[in-house]
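For reference, the chains in residue letters:
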Amino acid sequence: MKKYLSELLGTFVLVFFGTGTAVMATLNPDASVGIFGIAFAFGLTVIAAAYAIGDISGGHLNPAISFAMFLDKRLSFKDFAIYSVFQIIGAFIATSLIWAILSSFTKKVDFIYGANVPNNINNMGAFLVEVILTFVFVFVVLSVTKTKFIAPSLAVLVIGLTLTMVHLIGIPLTGTSVNPARSIAPAIFTGGDALSTLWIFIVAPLVGAALATLTHNFLES
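Conventions used here
Residues numbered from 1 in each chain as written. Predicted model: local features only at pLDDT ≥ 70, side-chain atom pairs only at ≥ 80, totals over all residues. Heavy atoms only, no water. Salt bridge = Lys/Arg side-chain N within 4 Å of Asp/Glu carboxyl O. Helix = DSSP H or I, 4+ residues; strand = E, 2+ residues; numbered from the N terminus. Buried < 20%, exposed > 50% of the residue type's maximum accessible area, 1.4 Å probe, protein only. Axes fitted to C-alpha atoms, helices over the stretch in contact; angles between N-to-C directions. Parallel < 35°, antiparallel > 145°, perpendicular 65-115°, else oblique. Contact = heavy atoms within 4.5 Å. Nonpolar A, V, L, I, M, F, W, Y, C, P; charged D, E, K, R; others polar.

Novice: Quick question: what am I supposed to make of the pattern of salt bridges here?
Specialist: Two side chains with opposite charge may pair up if their charged atoms get near one another. Tallied over the entire structure, the rule returns three salt bridges. One salt bridge connects D79 with K3, and the closest N-O pair in it is separated by 2.9 Å. A residue pair is termed long-range when its members are at least 10 positions apart, and D79 in helix α4 (residues 77-103) and K3 in helix α1 (residues 2-27) qualify at 76 residues. Exposure remark for K3: the relative accessible area of 29% places this residue in the partly exposed category. Between K146 and E220 there is a salt bridge, and its shortest N-O distance comes to 3.3 Å. Residue K146 is located in the loop between α5 (123-144) and α6 (152-174), and its partner E220 is located in helix α9 (residues 198-220); the two are separated by 74 residues in the primary sequence.

Novice: I tried to follow the packing of helix α3 (residues 63-71) against α4 on my own but got confused; where do I start?
Specialist: The relative placement of two packed helices is expressed as an angle between their axes plus a distance between the axes. At their nearest, the axes of α3 and α4 sit 9 Å apart, and the two run at 175° to each other. With respect to their mutual orientation, α3 and α4 come out roughly antiparallel. Across from P63, S66, F67 and F70 in α3, the residues of α4 making contact are F77, F80, Y83, S84 and Q87. Residues of the contact of α3 with α4, tallied by class, amount to six nonpolar, three polar and no charged.

Remember, this is a structural readout, not a statement about activity or role.
Take a look at the structure:
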């Protein structure tokens, strides 16, 4: 149970600070947070959370990573399923708290809670973007957590910087998901287009994770 609760806590940190930064950036565009700030918020939260709980659960914080670990036979199906549930719960708690904070604002503002939506791109284009971004991110995760090329303690930094990298190109196109848990709660709170296109941000990361695992295993064989 401790490893499942660790995934809940880690995903909570990722979603609260990652999507929270995205929400605050839209509320105050003059604060110069911008794409770089949001990208680094996600990257830094992964680094912080993974260092904090990595020894307990592996610090996946993402059903796509857990799925890849299952396909790579580093995680049982039971743990993959329970990890995913607890990751989604952590994301819901984070988004609920963001909602509570935003609801306390004295000035009425429309919020999207950091939801992912295709931006000037159609659904198939958004699907392709998310597959590519997740493929790169998960491939790096699989590689650096197994290689002897770098010290294990540095793997978390590489993973966090890679997540920052994929956000830099993905934010203008889809808001960057690469993580179904990160997308589900904000979409449900936002509704509308975010909810109708949610399938993209669930299916595409899983497809990208599967392709990353196949590629990783082929190159290592």
